[in-house]
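Reading the structure
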There are 2 protein chains.
Amino acid sequence: MVDNEDKRTQLPQSFSLDDFVYERLLSNNANRKVIFVLGRCFNLPAIVILEKIAFTEEQFSGTDDKSTILKNSSLEKIMENDIYQNNFCRVDSDLNKLKATIIYPATEKHISKYTEQKIYVLKETPELYKSVTLPCLEKEQFNCDWVYNILEHRQEVDRIVIEDLSPDVGFMLLPDLKWDGVTDETMYVTAIIMNRSIKSIRDLRESHLPLLENIKSKCLAAIKDKYGVNSNEVRAYFHYQPSYYHLHVHFNYLKYDAPGIFCDKAHLLDTVIDNIKMVPNYYEKATLSFTVRENDKLYDAYKSIAEE
Amino acid sequence: MVDNEDKRTQLPQSFSLDDFVYERLLSNNANRKVIFVLGRCFNLPAIVILEKIAFTEEQFSGTDDKSTILKNSSLEKIMENDIYQNNFCRVDSDLNKLKATIIYPATEKHISKYTEQKIYVLKETPELYKSVTLPCLEKEQFNCDWVYNILEHRQEVDRIVIEDLSPDVGFMLLPDLKWDGVTDETMYVTAIIMNRSIKSIRDLRESHLPLLENIKSKCLAAIKDKYGVNSNEVRAYFHYQPSYYHLHVHFNYLKYDAPGIFCDKAHLLDTVIDNIKMVPNYYEKATLSFTVRENDKLYDAYKSIAEE
């Protein structure tokens, strides 16, 4: 019995952060106000990601006194100079929650993913994709079971924004794990395709244009419908390299500086479509730049090539 | 007396946010978790800037139970799937303060400075470039005299990192105005080409490959030489639309999240070179996406087309 409890692989319903034993800081993003810490729960590794949540207009404009920050906080002066005054502000904790993501049990790959590291840019020719990238990702890739759980309606069914079950052009659109699901300002949803044979944009060919066009038109319409965000205010893109090798499209609010939207990682859906229209096998022929971190297996693989 | 109190130009010692009467939201940065709101205090305009504060390692590693977030918070589950669990987390307010800056009295300039503009993404076909973008930028473009001052050695001569005076493939490399010039972590230099006839990547053709290759190899070597940053740690890219229409290349440290490196604005130098190698007139034929702000003349120009 004790043994079972010691090796539990799911968090109990009553889980609290009190059960998390701190080991070390993995990284701390002071700009986005998010911290990644490693520890243990019930004798297995766990990662806690805490992120401060963005403000909402309603926290100021609300007519209900209990819901506004202005009526439920106290100031503690730091300095003042002329017309500028700086303070600490203590706020009712209901109006100032955090988002806490817990990964349990966490693997070495998760630990490496969230640990601060050097970043390098690599240039992947079609030949290097076949000889280095593909073998490496086939060996190392993250388990996609959680994706299949979604696609087979075993998990997150109530979170589906829209779905198209066609095996060729179908997809499911869901709030991204990185989004709290309610703050409009940080709207972030992801379309996961039904087809399990497309790993990344590298595999995209002319025959996939109907899939891409279908995702684009239906997801933008659903985002307009559900979140009231017009299509000219949405950023739609792929990651290369992606964090998991089952093709998916990221959609977020243009004015939100989401993580992973830099030019060395994100490829606009529109550009991908237009590239394939211009050159049907663009992604078979292109040299794609991408960034890796020094702990990534892919960096090791490319480094050993360079040293040969 | 009442009059004096009504028009006081300093906040009282006992000032609290309760004295601030909300008028409207100026802007809300959901990435940095900072909000700018306009209101009135004692009948004069005031701006309140609230910002969530970054986490510190001590809030997790601390030995004093009262000082750690882990011992002073409660979770409220949002969703779970496999090994991932998302929660809201309510924290003791002493461990989760905000920074509150108050500007009082606030002027029109402050209000304008902190007011957010909407951002839109536009798709520029080759036809729209010729019929809308080009006429608009020819009419509205900023004066490039400061660029010519540099190219003719009238200004900033002592700031030149490297130069190649060839009229066809030449350029000057200088620290970017946005860089302080000393902090390695934020290294940011810009190569301005000698040729005055190339406005942006839209104008690039096969004949410009020697120019692009020359800039790439010489600038990366100079950056390694002068700043000790290896070429695989440099992000080299163009902006589209650029802020001035004389072709230039941005170079910065890969790990620095410089402004303007998002996928809807930045085009990697390597990708541009490779696109032209694959399709010599790629930038003559491509549909290019870019973002505009609602006060931009270019947005007006596109809006009036859409309304026709």
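Keep in mind that this is a model prediction, so the values were computed, not measured. (Residues numbered from 1 in each chain as written. Chains lettered and ligands numbered in written order. Predicted model: local features only at pLDDT ≥ 70, side-chain atom pairs only at ≥ 80, totals over all residues. Heavy atoms only, no water.)

A separate point is helix H4 (residues 126-140) of chain B. Residue and element names in this part refer to chain B. Across its 15 residues, H4 extends 20 Å between first and last C-alpha, which sits within 8% of the 21 Å expected from 1.5 Å per residue. When the local axis directions of H4 are compared, the greatest deviation, roughly 35°, occurs at Thr133, which is followed within four positions by the proline Pro135. All of the buried residues in H4 are Pro126, Tyr129, Val132, Thr133, Leu134, Cys136 and Leu137. Each element contacted by the buried residues of H4 is listed here: strand E7 (119-124), helix H8 (282-285) and helix H9 (297-307). (Helix = DSSP H or I, 4+ residues; strand = E, 2+ residues; numbered from the N terminus. Expected span 1.5 Å × (residues − 1). Bend = angle between axes of the 7 residues up to and from the residue. Buried < 20%, exposed > 50% of the residue type's maximum accessible area, 1.4 Å probe, protein only. Contact = heavy atoms within 4.5 Å.)

Residue and element names in this part refer to chain A. The pairing of strand E1 (residues 21-29) with strand E2 (residues 34-41) spans seven bridges and is classified as antiparallel. Across the sheet, Arg24 pairs through a bridge with Leu38, a residue of E2. Remark: four residues form the turn of the hairpin made by E1 and E2, two consecutive strands paired antiparallel; Lys33 in that turn has positive phi of roughly 60°. (Pairing = 2+ DSSP bridges.)

Right, let's talk about the pattern of salt bridges for a bit. One pass over the full model with this rule turns up 42 salt bridges over all chains. Here Arg32(B) ties to Glu51(B) by a salt bridge, and the two come within 3.9 Å at their closest N and O atoms. In this pair, Arg32(B) is assigned in the loop between strand E1 (21-29) and strand E2 (34-41) and Glu51(B) in strand E3 (residues 44-52), connecting sequence segments 19 residues apart. Taken together, the salt bridges that share partners define one network made up of Glu76(A), Arg90(A), Asp94(B) and Lys97(B). (Salt bridge = Lys/Arg side-chain N within 4 Å of Asp/Glu carboxyl O.)

Moving on, we get to the side chain of Asn214(B). Residue and element names in this part refer to chain B. Position of Asn214 relative to the elements: it lies in helix H6 (residues 209-227). The class for Asn214 is buried, based on a relative accessible area of 12%. At 2.6 Å, the side chain of Asn214 and the backbone oxygen of Val169 are in polar contact. Apart from residues lying up to four places away in sequence, Asn214 is in contact with Asp164, Val169, Phe171 and Cys219. (Polar contact = N/O pair within 3.5 Å; in protein donor to acceptor, adjacent residues only side chain to side chain.)

Moving on, we get to the packing of H4(B) against H9(B). Residues and elements named next belong to chain B. Put simply, H4 and H9 touch, their axes get as near as 10 Å, and they point 145° apart. Taken as a pair, H4 and H9 cross one another with a handedness that is right-handed. Together, Leu128, Tyr129, Val132, Thr133, Cys136 and Glu140 of H4 and Lys297, Leu298, Ala301, Tyr302 and Ile305 of H9 make up the contact between the two elements. Here the residues of the contact of H4 with H9 sort into eight nonpolar, one polar and two charged. (Axes fitted to C-alpha atoms, helices over the stretch in contact; angles between N-to-C directions. Left-handed = near helix turned anticlockwise from the far one by under 90°. Nonpolar A, V, L, I, M, F, W, Y, C, P; charged D, E, K, R; others polar.)

A few words on the sheet that holds strand E8 (residues 162-164) of chain A. All names here are of chain A. The six strands are arranged E8-E9-E10-E12-E11-E13 in an open sheet whose pairing can be described as antiparallel. Strands at the two margins of the open sheet, each flanked by one partner only, are E8 and strand E13 (266-268). Ignoring which end each strand starts from, the neighbouring axes of this sheet average 30° apart. Examined bridge by bridge, strand E11 (residues 234-239) and strand E12 (residues 248-253) share four bridges and lie antiparallel to one another. Residue pairing in the sheet places Ala236 in a bridge with Phe251 of E12.

Bringing the confidence of the model for chain A into the picture now. On average, residues of chain A carry a pLDDT of 92, and 97% of them reach 70 or more. In this model, residues 1-5 of chain A is a region of pLDDT below 50 whose contacts with residues beyond four sequence positions or in other chains number one contact. (pLDDT = per-residue confidence, 0-100.)

Each strand in a sheet pairs with its neighbour through backbone hydrogen bonds, running either in the same direction (parallel) or in the opposite one (antiparallel). Residue and element names in this part refer to chain B. One open sheet accounts for six strands, arranged E8-E9-E10-E12-E11-E13; its pairing is antiparallel. Each edge of the open sheet is held by one strand with a lone partner, namely strand E8 (162-164) and strand E13 (266-268). Taken pair by pair, the neighbouring strands of this sheet meet at an average axis angle of 30°, ignoring direction. Direction of pairing for strand E9 (residues 171-175) relative to strand E10 (residues 188-193): antiparallel, over a ladder of five bridges. Each bridged residue has a counterpart across the sheet, and for Phe171 the counterpart in E10 is Ile193.

Next up on the list: the nonpolar core. With 125 residues, the main nonpolar core has Leu173(A), Phe251(A), Leu173(B) and Phe251(B) as its most contacted residues. Not counting chain neighbours up to four residues away, the residues in contact with Phe251(B) comprise Leu173(B), Met187(B), Tyr188(B), Val189(B), Ala191(B), Ile215(B), Cys219(B), Leu220(B), Ile223(B), Val234(B), Arg235(B) and Ala236(B). (Core = buried A, V, L, I, M, F, W, Y, C linked by side-chain atoms within 4.5 Å.)

Attention shifts here to the UniProt feature "active site" (unreviewed entry) in chain A. All names here are of chain A. Sequence positions flagged by UniProt for "active site" (unreviewed entry) are, in local numbering, His248. Relative to the elements of secondary structure, His248 occurs in strand E12. Residues within four places of His248 in sequence aside, it is in contact with Thr190, Ala191, Ile192, Phe238 and Pro242. Side-chain polar atoms of His248 contact the backbone oxygen of His246, separated by 2.7 Å. (UniProt positions renumbered as here; feature names shortened; annotations may be inferred.)

In this section: the packing of aromatic side chains. For any pair of aromatic rings, the description rests on two quantities: the centre-to-centre distance and the angle between the ring planes. Using the criterion set out here, one finds 19 aromatic pairs over all chains in the structure. Ring centres of Trp146(B) and Tyr244(B) lie 4.7 Å apart, and the angle between their planes is 75°; this geometry places the pair in the edge-to-face category. One end of the pair, Trp146(B), is in helix H5 (residues 145-151); the other, Tyr244(B), is in the loop between strand E11 (234-239) and strand E12 (248-253), and 98 residues separate them in sequence. When its relative accessible area of 11% is taken as the criterion, Tyr244(B) is described as buried. Here the aromatic residues Tyr240(A), Phe290(A) and Tyr302(A) are joined through ring pairs into a cluster of three or more. Across from the ring centre of Phe88(B), 5.4 Å away, lies the NZ or CZ of Lys97(A), which sits over that ring. (Phe/Tyr/Trp six-rings, centres within 6.5 Å; stacked < 30°, edge-to-face > 60°. Lys NZ or Arg CZ within 6 Å of the ring centre and 35° of its normal.)

Another point: the interface of chain B and chain A. Chain B puts 94 residues into the contact, and the matching count from chain A is 102 residues. Across the chain B to chain A interface the summed buried area is about 9,600 Å²; carbon plus sulfur atoms make up 57%. Across the salt bridge formed by Arg235(A) and Asp264(B), the nearest N and O atoms sit 2.6 Å from each other. Taken together, chain B and chain A are joined by 48 residue pairs in polar contact (both at pLDDT 80 or more). Across six bridges, strand E5 (residues 84-91) of chain A lies against strand E6 (residues 98-103) of chain B in antiparallel orientation. Bridge pairing in E6(B) places Asn86(A) opposite Thr101(B). (Buried area = accessible area lost by both parts, 1.4 Å probe.)

This part takes up the packing of helix H6 (residues 209-227) of chain A against helix H7 (residues 269-278) of chain A. All names here are of chain A. H7 packs onto H6 with a crossing angle of 155° between their chain directions and a minimal axis gap of 11 Å. As far as their axial angle goes, H7 and H6 are roughly antiparallel. For the element pair H6 and H7, the recorded crossing hand is left-handed. Taking contact as the criterion, the partners of Leu209, Leu212, Glu213 and Lys216 in H6 are, on H7, Leu269, Asp270, Val272, Ile273, Ile276 and Lys277. Across the contact of H6 with H7, the residue classes break down as six nonpolar, no polar and four charged. (Parallel < 35°, antiparallel > 145°, perpendicular 65-115°, else oblique.)

Let us look at a nonpolar patch on the surface. A cluster of nonpolar side chains, contributed by Ile78(A), Met79(A) and Phe88(A), occupies part of the molecular surface with about 230 Å² of accessible area. Structurally, Met79(A) can be placed in strand E4 (residues 73-81). (Patch = residues over 30% accessible without salt bridge, like charges linked within 9 Å, V, L, I, M, F, W, Y side chains within 5 Å. Areas by Shrake-Rupley, 256 points an atom, 1.4 Å probe, with all protein chains shown as cover.)

All names here are of chain A. Helix length check: H6 (19 residues) gives 26 Å between terminal C-alpha atoms against 27 Å at 1.5 Å per residue, within 8%. When H6 is considered as a whole, its buried residues turn out to be Leu209, Leu211, Leu212, Asn214, Ile215, Cys219, Leu220, Ala222, Ile223 and Tyr227. Buried positions along H6 lie against E8, strand E9 (171-175), strand E10 (188-193), E11, E12 and H7. Positive phi appears at Gly228, one or two residues downstream of H6, with a value of about 70°.

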